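A look at the structure
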Amino acid sequence: MSIQEIQEEIVSEFEVLGDDRESTIFYIMELGGSLDAFPESERKEENIIKGCQSKVWLIADEVDGKVHYQADSNTDITKGLISLLIRVLDKQKPEAILNANLDFIDRIGMGNIIGSQRSNGLASMIKQMKLYALAFQSKQNA
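The numbers attached to residues start from 1 for each chain and follow its sequence in the written order. A pLDDT threshold of at least 70 governs which residues receive local features in this predicted model, and a stricter bar of 80 or more applies before side-chain atom pairs are shown or counted, although totals over entire chains, interfaces and linings include all residues. Hydrogens and water are ignored here; the side-chain numbers use all heavy atoms of the structure.

Within an unreviewed UniProt entry, the label attached to the protein reads SufE family protein, and the organism entered is Algoriphagus taiwanensis. UniProt positions are given in the numbering used here, feature names are shortened, and annotations may be inferred rather than shown by experiment. Checking UniProt for the protein, the heading Sequence similarities (unreviewed entry) contains the comment "Belongs to the SufE family."

The following block contains the structure:
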């Protein structure tokens, strides 16, 4: 699936929840449970995303020209947020990740749901994921 198709799928899922903020937050927290187990050996300072209120660990590998992300967090809501980003960007080509317009975030009203502190953290997560994609793209073009 393309990044845009995955975003459309997420928007549809959130539309079902309507304006029920509590249900939406619970759903985001539930999504965090879908993350693959994060390697304990990778829970180190260098893998923590700077700018997040909570601790968020993120690592990435390149497999067959596509970026594979793994992440974890010490809070359920943040774990849910990073799981949404991984769902959209995982197993995509670096160029697609770098060019992605992640409009689903605004379309589902995420800013109203999580507040400004977590919105800043979400922006930091996106930035780090795109930095990994840029590094892999540079490696491919070298």
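**Some words on the side chain of Gln7**
Under the scheme used here, helices are H or I runs from DSSP no shorter than 4 residues and strands are E runs no shorter than 2 residues, and both carry numbers assigned from the N terminus. Inspection of the secondary structure assignment puts Gln7 in helix 1 (residues 3–17). Any pair of residues with heavy atoms lying within 4.5 Å of one another is described as a contacting pair. Those residues in contact with Gln7, other than ones at most four positions away along the chain, are Val88, Asn101, Leu102, Asp103 and Phe104.

**Focus: the pattern of salt bridges**
Salt bridges, as used here, are contacts in which a Lys or Arg side-chain nitrogen is within 4 Å of a carboxyl oxygen on Asp or Glu. Applying the stated criterion across every chain yields a total of 10 salt bridges. Taking the shortest distance from any N to any O, the salt bridge between Arg87 and Glu9 comes out at 2.8 Å. With a gap of 78 residues between them, Arg87 in helix 3 (residues 76–89) and Glu9 in helix 1 connect regions that are remote in the sequence. A 1.4 Å probe rolled over the protein chains alone gives each residue an accessible area, and that area as a share of the maximum for its type sets the label: buried under 20%, exposed over 50%, partly exposed in between. On the basis of relative accessibility, which here comes to 33%, the residue Glu9 falls in the partly exposed class. For the salt bridge of Asp72 with Arg43, the shortest nitrogen-to-oxygen distance reads 2.5 Å. Residue Asp72 is found in strand 2 (residues 66–73), and its partner Arg43 is found in the loop between helix 2 (21–31) and strand 1 (56–63); the two are separated by 29 residues along the sequence. Judged by its relative accessible area of 8%, Asp72 falls in the buried class.

**Focus: the pairing of strand 1**
Here, any two strands with at least 2 DSSP bridges between them count as paired. Pairing of strand 1 with strand 2, which is carried by 8 bridges, proceeds in the antiparallel orientation. Bridging from a neighbouring strand, Asp61 pairs with His68 of strand 2. Here strand 1 hands over to strand 2 after 2 residues, with Asp64 in that stretch at a positive phi of 55°.

**A few points about the environment of Asn112**
Relative to the assigned elements, Asn112 resides in helix 6 (residues 110–141). Given a relative accessible area of 68%, Asn112 falls into the exposed group. C-alpha of Asn112 to C-alpha of Asn47: the two residues are 65 residues apart in sequence and 28 Å apart in space.

**Details of the nonpolar core**
The nonpolar side chains of soluble globular proteins are, as a tendency, buried together. With 40 residues, the main nonpolar core has Tyr69, Leu85, Leu102 and Phe104 as its most contacted residues. Those elements giving two or more residues to this core turn out to be helix 1, helix 2, strand 1, strand 2, helix 3, helix 5 (104–107) and helix 6. At 10 residues, the largest contribution of residues to this core is made by helix 6. To qualify as a nonpolar core, a set must consist of buried Ala, Val, Leu, Ile, Met, Phe, Trp, Tyr and Cys residues joined through side-chain atoms within 4.5 Å.

**A look at the packing of helix 1 against helix 2**
Between two packed helices, the angle of one axis relative to the other and the distance separating the axes together describe the packing. Look at helix 1 against helix 2: their axes get within 9 Å of each other, and the N-to-C directions meet at 140°. Compared by their axis directions, helix 1 and helix 2 come out oblique. The two elements helix 1 and helix 2 cross, and the hand of that crossing is right-handed. Packed against helix 1, whose contacting residues are Glu13, Phe14 and Leu17, the element helix 2 presents Ser23, Thr24, Tyr27, Ile28 and Leu31 at the interface. Charged means Asp, Glu, Lys or Arg here, nonpolar means Ala, Val, Leu, Ile, Met, Phe, Trp, Tyr, Cys or Pro, and polar covers whatever is left, Gly included. Across the contact of helix 1 with helix 2, the residue classes break down as 5 nonpolar, 2 polar and 1 charged. The axes used here are C-alpha line fits, helices contributing only the stretch in contact, and every angle between their N-to-C directions lies in the interval 0 to 180 degrees. The scheme is simple: roughly parallel for angles under 35 degrees, roughly antiparallel for over 145, roughly perpendicular for 65 to 115, oblique for anything else. Helix crossings are classified by the rotation of the near helix relative to the far one: an anticlockwise turn of less than a right angle makes the crossing left-handed, while a clockwise turn makes it right-handed.

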